[in-house]
Amino acid sequence: MSIFGVDIASGSPGSRRAPSYSLVVLEGDATALHHMISRHKLIRMIRERQPEIVAMDNVHELAQSHRDLINLLRRLPPSTKLVQVTGGERPESLVRLARWNGITFDRTKPLEEAEASARLAARGVGAVVSAFEDKTLIKVSRRRSLGRGGWSQNRYTRKIHGAVMALAREVEKQLREAGLEYSLRAVEGLGGFTRAEFVVEASRDKVHINPGYSVDAQLKMQSIERPALQYKPLLHRRGYIIVGLDPGTTTGIAALNLRGELVDLISSRAMSSSDVIEWIAARGRSLIVATDVSPTPGAVEKVKRAFNAVLFSPGADMAGEEKIALGRELGYKNDHERDALAAALAAFRKYKNKFIQVEKKAPAEVDPDEIKALVVRGYSIENAIAEFSHPPPAEGRPAAPAPPAPDPDTAALRQHIQQLSEQVKTLRTYVDELQAQLAKKDADLQKANVRLDRLKDKTSREIKRDHEIRIRDKEIVRLRSILRSERKYTKKLKKNAVARKKAERIEEVKGLRRLKPVAAFSKEAVLAAAERYSLAEGDLVLLEDSSGGGKSTAEMFRERGVAAIVAEGEMAQAMQEYFLDLGLPVFTSAEIAVQRIDSLPFIRPEELEAARERWEVQQKARQARLEAEKLESLFQDYKAERMKEEKRKKRMGQKEMVGEGYD
């Protein structure tokens, strides 16, 4: 069974903004959600999939006006019912209906509201919107215009009118073969019919004639519109029911029919007495109101009086084991539903044998449930049957007076005695069952203890094994991490080794000297090159960017025993002087041409030797200049000291001469 639940998500049919809808598709246990779909797409999906029910809380959300709604209903498949779950002329609140049926949803979410509508319709809640009578109109007419006429106008007219009449005769034949009642109104023309209209006394889905057209005639079908919309209940549930009630903060209600079949079961918080009465009335005529406790709660008495029903009370609180045993077959979700269901089943069990007798003795023309209702209210089976089967009086003889109704007090005492007898039988049976169950449980307990000991040993072994497995799994994870790191490092080394071998092969073949590149004049670049190319003593370095740098970076080259540096770009003068102080040759790419083979830098050995010789000459000249400057500095210092000494002696001589003058 396929059910579409629909709710408007945004906009409205009467606004400028086109409305969007939320759609929930129920197919058995499967649920499909579609959010924010257009009205056109919704109608297309309904026509393609042809669900049995399209459920909404308000059908006018689909159309701007009554006429638009009628046109929409004409477009729906004949087998699809449009259901307004909130009811017909006097709609009920969707929230209240959902609460009565144990469905919860968020009113602010259109998808949840659409799903609630679908689930209510699946339970038979709501009214089918009927816009058409159970009659179908079939129109047969010409497809072509007769035109202005000419020499062959009459022959052309007879041809078209004959086609209309032939098609009308074919429709009439199919209606007769299908056994459908109809009336025909045909307008005669030249050589046939100008048009023909059939009114079939059947709904559109029962008239299996396909609309269409031929060359000269066409056939159209449509349902005949009602003067106003009608709302027909989707499902009638007005038979007698047995109600089990568990009142409280959370109310549990169970409804059974008189055959012991579950009609509905619900538990809901904060249900008022009026809500409970409305829920029960929606499911049938309450014959018995049952409780599982004694004395009877006031809420149960109130519901019983509202329906003028017969009260069932067990005389003492029902045991939990008995409730579980009673409700296990039909199933329940919580303790409140279990208690309500157990009360209803206990009441049914009390009258079950009499109900079976009624089924056997009831006349065919009498509804057995009506006889059962009188039996529950204190009638004997024979008197109850007699209430519905009075023989007609013989002619000339007055009718026999009806048997007097039983005295209410006597009927109540008789009913109470019967309840007590049934209760005693039930309790005795229950005691025997409990004793048998107790013996069985003792044997089961002994077996369970033996099995428990075995399981304890097995569990301890499994726990120890699981612990060892966890330790080993952690060790495997750690080793795998190390293995990944080692593989990455090995891959890197292999790559460097390949590059090194390639460079060595080029050196051997072409007689060149390899340079090991350093990307920048920085510590990080030197360390990266040392790790990648294994900078060692005697290596030649290509400094690809010689700007920046510092003395500590220069020291790193000397510490690794680099033989010479070929610098690209302009190096600071201070750093050039510092490299000279370190005795580390630095050549520019202008002095030595750098060749790149397979992205590896090389230089010619003879150019390196020539540059090294020039550097050594410059270094010797620089050393000589530095020595001369050092000697000149010493000479100037000595000269300055001599001049200071002479000035000091001169001042001392003047002081002595002044002293002798005073003497």
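For the structure, check the block above.
Analysis parameters
- Residue positions within a chain follow its written sequence, with the count starting from 1.
- For a predicted model such as this one, the threshold for reporting local features is a pLDDT of at least 70, and the threshold for listing and counting side-chain atom pairs is 80 or more; totals across whole chains, interfaces and linings nevertheless cover every residue.
- Here the side-chain values reflect all heavy atoms present in the structure, with hydrogen atoms and water set aside.
- To qualify as a helix, a DSSP run of H or I must reach at least 4 residues; to qualify as a strand, a run of E must reach at least 2; elements of each kind are numbered from the N terminus.
- Buried residues are those whose accessible area, probed at 1.4 Å on protein chains only, stays under 20% of the maximum for their type, while exposed residues exceed 50% and partly exposed ones sit between those limits.
- Computed by Shrake-Rupley with a 1.4 Å probe, the accessible areas treat only the displayed protein chains as cover when residues are assessed.
- Pairing between two strands requires that DSSP report at least two bridges joining them.
- Within this analysis, the arc is defined by the directions that extend from the helix axis to the C-beta atoms.
- Think of a salt bridge as a Lys or Arg side-chain nitrogen and an Asp or Glu carboxyl oxygen that are within 4 Å of each other.
- Whether two aromatic rings pair depends on their centres lying within 6.5 Å, for rings of Phe, Tyr and Trp, where Trp uses its six-membered ring; planes under 30 degrees apart make the pair stacked, over 60 edge-to-face, and the rest tilted.
- Only lysine NZ and arginine CZ atoms are considered, and such an atom sits over a ring when it is within 6 Å of the ring centre and within 35 degrees of the ring normal.
- Only buried residues count toward a nonpolar core, which is a set of Ala, Val, Leu, Ile, Met, Phe, Trp, Tyr and Cys residues joined through side-chain atoms within 4.5 Å.
- Two residues qualify as a contact provided that any one of their heavy atoms is within 4.5 Å of a heavy atom in the partner residue.
- Definition of a polar contact: a pair of N or O atoms within 3.5 Å, with one able to donate and the other able to accept a hydrogen when the atoms are protein atoms, and with sequence-neighbouring residues admitted only if both atoms are side-chain atoms.
- In this description, a line fitted to the C-alpha atoms serves as the axis of each element, helices being fitted only across the stretch in contact, and the angle between N-to-C directions of two axes falls anywhere from 0 to 180 degrees.
- In these notes the angle categories are as follows: under 35 degrees is roughly parallel, over 145 is roughly antiparallel, 65 to 115 is roughly perpendicular, and the rest is oblique.
- The hand of a helix crossing depends on one turn: near helix anticlockwise from the far one by less than a right angle means left-handed, and clockwise means right-handed.
- In this classification, the charged set is Asp, Glu, Lys and Arg, the nonpolar set is Ala, Val, Leu, Ile, Met, Phe, Trp, Tyr, Cys and Pro, and all remaining amino acids, among them Gly, are polar.
- For patch building, the residue pool is restricted to those with more than 30% relative accessible area and no salt bridge; the joining distance is 9 Å between like charges and 5 Å between nonpolar side chains (Val, Leu, Ile, Met, Phe, Trp, Tyr).
- Counting rule applied: Lys, Arg positive; Asp, Glu negative; His and chain ends not counted.
- Throughout, a charge is located at the NZ atom of Lys, the CZ atom of Arg, the CG atom of Asp or the CD atom of Glu.

A.B. asks: Which parts of the structure should I look at to understand the overall build of the protein chain?
C.D. replies: Helices and strands together make up the secondary structure of the protein chain, namely 16 helices and 22 strands. By residue count, 36% of the 663 residues in the protein chain fall in the buried class. Per element, the accessible surface of the protein chain, about 40400 Å² overall, is 51% carbon and sulfur.

A.B. asks: Is there a simple way to explain the pairing of strand β13 (residues 262-269) in this structure?
C.D. replies: Each regular strand carries side chains that alternate between the two faces of the sheet. Sheet analysis places strand β12 (residues 250-257) next to β13, joined by 7 bridges and oriented antiparallel. Opposite A255, over in β13, you have D264 as the bridge partner.

A.B. asks: How should I be thinking about helix α8 (residues 320-327) in this particular structure?
C.D. replies: Residues separated by three or four positions in an α-helix point in the same direction, a consequence of the helix having 3.6 residues per turn. Within α8, burial applies to E322, K323, L326 and G327. Viewed along the axis of α8, the buried residues span an arc of 120°, placing them on a single side of the element.

A.B. asks: What is the right way to read the pattern of salt bridges from this model?
C.D. replies: As a working rule, side chains carrying opposite charge can pair if their charged atoms are close by. Throughout the structure, instances matching the rule amount to 32 salt bridges. Its salt-bridge partner being E225, residue R67 comes within 3.0 Å of it at the nearest N-O pair. Of this pair, R67 sits in helix α2 (residues 66-75) while E225 is found in strand β10 (residues 217-233), placing the two residues 158 residues apart along the sequence. Here D444 makes a salt bridge to K440, at a shortest N to O gap of 3.2 Å. Of this pair, D444 and K440 both sit in helix α12 (residues 408-510), 4 residues apart, which is roughly one turn of that helix. Looking at D444, the relative accessible area reads 35%, which means it is partly exposed.

A.B. asks: Can you walk me through the sheet that holds strand β16 (residues 513-514) in this structure?
C.D. replies: Strand pairing within a sheet occurs via backbone hydrogen bonds; the two strands may be parallel or antiparallel. One open sheet holds the 3 strands; their spatial order is β16-β22-β21, and the pairing between them is antiparallel. The strands lining the two open edges of the sheet, one partner per strand, are β16 and β21 (595-597). Taken together, the 3 bridges between β21 and strand β22 (residues 600-603) define a ladder with antiparallel strand orientation. Along β22, the bridge assignment pairs Q595 with F602.

A.B. asks: What's the story with the packing of aromatic side chains in this structure? I'm lost.
C.D. replies: Considering all chains together, one arrives at 5 aromatic pairs under this definition. Members of the aromatic cluster, joined through ring pairs, are F348, Y351 and F355. Between R285 and the ring centre of Y240, over which it is positioned, the NZ or CZ distance is 4.2 Å.

A.B. asks: I keep staring at the nonpolar core and nothing clicks. Help me out?
C.D. replies: Nonpolar side chains tend toward joint burial in soluble globular proteins. Membership of the largest hydrophobic core comes to 28 residues, with the highest contact counts inside it found for L23, L42, L69, L73 and L82. Of all the secondary structure elements, the ones that give two or more residues to this core are β1 (2-10), β2 (20-27), α1 (39-49), β4 (53-56), α2, β6 (127-142) and β10. Among all residues touching L23, those that are not within four sequence positions of it are F4, G5, V6, A32, L33, H34, I37, L42, M45 and L111. Counting 26 residues, the second largest nonpolar core, distinct from the first, contains A254, L287, L341 and A346.

A.B. asks: Could you clarify how one ought to interpret the pairing of β2 in this entry?
C.D. replies: Most of β2 sits out of view: 7 of its 8 residues are buried. Pairing of β1 with β2, which is carried by 8 bridges, proceeds in the antiparallel orientation. In the sheet register, D7 faces β2, and the bridge partner there is S22. Across 7 bridges, the pairing between β2 and strand β3 (residues 30-38) is antiparallel. Its bridge partner lying in β3, E27 is registered against A30. Taking the residues between adjacent antiparallel strands as the criterion, β2 and β3 are bridged by 2 residues, where G28 takes a positive phi near 65°.

A.B. asks: Got a minute to help me understand the side chain of N257 in this structure?
C.D. replies: In this structure, N257 sits in strand β12. Polar side-chain contacts of N257 include one of 2.8 Å to the backbone nitrogen of E261. Apart from residues lying up to four places away in sequence, N257 is in contact with Y240, I242 and V263.

A.B. asks: Where do I start with the packing of helix α6 (residues 273-281) against helix α7 (residues 298-307) in this structure?
C.D. replies: How two helices pack is summed up by the angle between their axes together with the distance between the axes. The N-to-C vectors of α6 and α7 enclose an angle of 45°; their axes lie 10 Å apart at closest approach. The orientation of α6 relative to α7 falls into the category oblique. For α6 against α7, the interelement crossing comes out right-handed. Contact with α6, carried on its side by S273, V276, I277, I280 and A281, involves K302, V303, A306 and F307 of α7 and no other residues of that element. Considered class by class, the residues forming the contact of α6 with α7 number 7 nonpolar, 1 polar and 1 charged.

A.B. asks: Looking at this structure, I do not really get the sheet that holds strand β11 (residues 240-246). What am I missing?
C.D. replies: Across the sheet, 5 strands lie side by side as β13-β12-β11-β14-β15; this open sheet has mixed pairing. Edge positions in the sheet fall to β13 and β15 (310-312), since each has one partner strand and no second. Geometrically, the sheet is characterised by an average inter-axis angle of 25° between neighbouring strands, direction not taken into account. Of the strands in this sheet, β11, β14 (285-290) and β15 touch helix α10 (residues 368-376), which is tilted by about 40° from β14.

A.B. asks: I'm lost on a positive patch on the surface in this one. Help?
C.D. replies: A cluster of like positive charges, contributed by K139, R142, R195 and K220, occupies part of the molecular surface. Summarising the element assignment, R195 is placed in strand β8 (residues 192-200).

A.B. asks: Which parts of the structure should I look at to understand unusual backbone geometry?
C.D. replies: Trans peptide bonds make up most of the peptide bonds, and negative phi angles are found at most residues other than glycine. That bond from S294 to P295 is cis: its omega, 0°, falls within 30 degrees of zero. When you line up the elements, P295 lands in the loop between β14 and α7. You will see that M36, though not glycine, has its phi angle at about 55°, which is positive. Its place among the elements puts M36 in strand β3. You will see that Q50, though not glycine, has its phi angle at about 50°, which is positive.

Structural measurements only, silent on function.
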